Amino acid sequence: MSLGRQLHRRLESLEKRHLRDPIVLQMPDGRIVTLPNRSGYLLDLVLRVLNGERTPEMELIAQSTSSIEPGGGHMLDIVRAFWPEPEADTTNADLDKCGR
C-alpha cells in the first residue's frame, strides 16, 4: 500500500473517532466561528486548497488566527500554510509603471 493511501486511511480513521466535535475558528476580531465536521471534511479541504480552489469556508479558515480541531489536530494549519497569497492588482501595477 502506498504511503499516500496509508496516510489517507489513518486520517479517515482519526476523523471518524472525532466526528462529533465541531471545528472552531478564532477570528482576528475575537469572533468564534464553528464549521461542521463530517467524514473526510478536513482532508477534503486540504486537497482542495492544494488544487487552488476557493470557497467561503476556506476564506474563513484563511482569515482565522487559530483553530481548535477535533482530537487536537492541526490540519487547518496545513490549509493556512498552503493558502495562496492574494494576487496583486495588475491594473494598478500597470498604471504605476506608466507614471499615472
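Above this text is the structure in question.
Draft legend 1. Spatial organisation of the overall build of the protein chain. Scanning the protein chain for helices and strands turns up five helices and three strands. Taken from N to C terminus, the helices and strands of the protein chain fall in the order α-β-β-α-α-β-α-α. The contacts of the protein chain with a sequence gap of at least 6 include a subset with a gap of at least 24, amounting to 55%. Carbon and sulfur atoms form 54% of the exposed surface of the protein chain, whose accessible area is close to 7000 Å².

Draft legend 2. Main features of the pattern of salt bridges. Following the criterion strictly, the structure yields five salt bridges and no others. The closest approach of N and O atoms between Asp29 and Arg31, which form a salt bridge, is 2.9 Å. Assessed through its relative accessible area of 55%, Asp29 is described here as exposed. Note on Arg31: relative accessible area 42%, which makes it partly exposed. Across the salt bridge formed by Arg48 and Glu53, the nearest N and O atoms sit 3.2 Å from each other. By sharing partners, the salt bridges in this structure join Asp44, Arg48 and Glu53 into a single network.

Draft legend 3. How the structure looks around the nonpolar core. Counting 18 residues, the largest nonpolar core has Ile23, Leu25, Leu42, Leu45, Ile61, Leu76 and Val79 as the members making the most contacts within it. Mapped onto this core, the elements with two or more residues apiece are strand E1 (23-26), strand E2 (32-35), helix H2 (41-50), helix H3 (56-63) and helix H4 (75-82).

Draft legend 4. Examining the sheet that holds strand E3 (residues 66-68) more closely. Taken together, the three strands give an open sheet; going across it, the order is E2-E1-E3, and neighbouring strands pair in antiparallel fashion. For this open sheet the edge positions go to E2 and E3, each flanked by a neighbour on one side alone. Averaged over all pairs of adjacent strands, the angle between strand axes in this sheet comes to 25°, irrespective of strand direction. Across three bridges, E1 lies against E3 in antiparallel orientation. Its bridge partner being in E3, Leu25 is matched across the sheet by Ser67. Across the sheet, H3 touches E1 and E2, and the angle it forms with E2 is around 140°.

Draft legend 5. Expanded view of the environment of Asp21. Relative to the assigned elements, Asp21 resides in the loop between helix H1 (3-17) and E1. With 48 residues separating them in the primary sequence, Asp21 and Glu69 have C-alpha atoms 7.8 Å apart. Among residues more than four places away in sequence, those in contact with Asp21 are Asn37 and Pro70.

Draft legend 6. Inspection of the packing of H2 against H4 at higher detail. Close contact between H2 and H4 brings their axes to 9 Å; oriented N to C, the two are set at 10°. With respect to their mutual orientation, H2 and H4 come out roughly parallel. For the pair H2 and H4, the contacting residues are Leu42, Leu43, Leu45, Val46, Val49 and Leu50 in the first and Met75, Leu76, Ile78, Val79 and Phe82 in the second. When the residues that make up the contact of H2 with H4 are grouped by side-chain class, the tally is 11 nonpolar, no polar and no charged.

Thresholds applied
- Residues numbered from 1 in each chain as written.
- Predicted model: local features only at pLDDT ≥ 70, side-chain atom pairs only at ≥ 80, totals over all residues.
- Heavy atoms only, no water.
- Helix = DSSP H or I, 4+ residues; strand = E, 2+ residues; numbered from the N terminus.
- Contact = heavy atoms within 4.5 Å.
- Areas by Shrake-Rupley, 256 points an atom, 1.4 Å probe, with all protein chains shown as cover.
- Salt bridge = Lys/Arg side-chain N within 4 Å of Asp/Glu carboxyl O.
- Buried < 20%, exposed > 50% of the residue type's maximum accessible area, 1.4 Å probe, protein only.
- Core = buried A, V, L, I, M, F, W, Y, C linked by side-chain atoms within 4.5 Å.
- Pairing = 2+ DSSP bridges.
- Axes fitted to C-alpha atoms, helices over the stretch in contact; angles between N-to-C directions.
- Parallel < 35°, antiparallel > 145°, perpendicular 65-115°, else oblique.
- Nonpolar A, V, L, I, M, F, W, Y, C, P; charged D, E, K, R; others polar.

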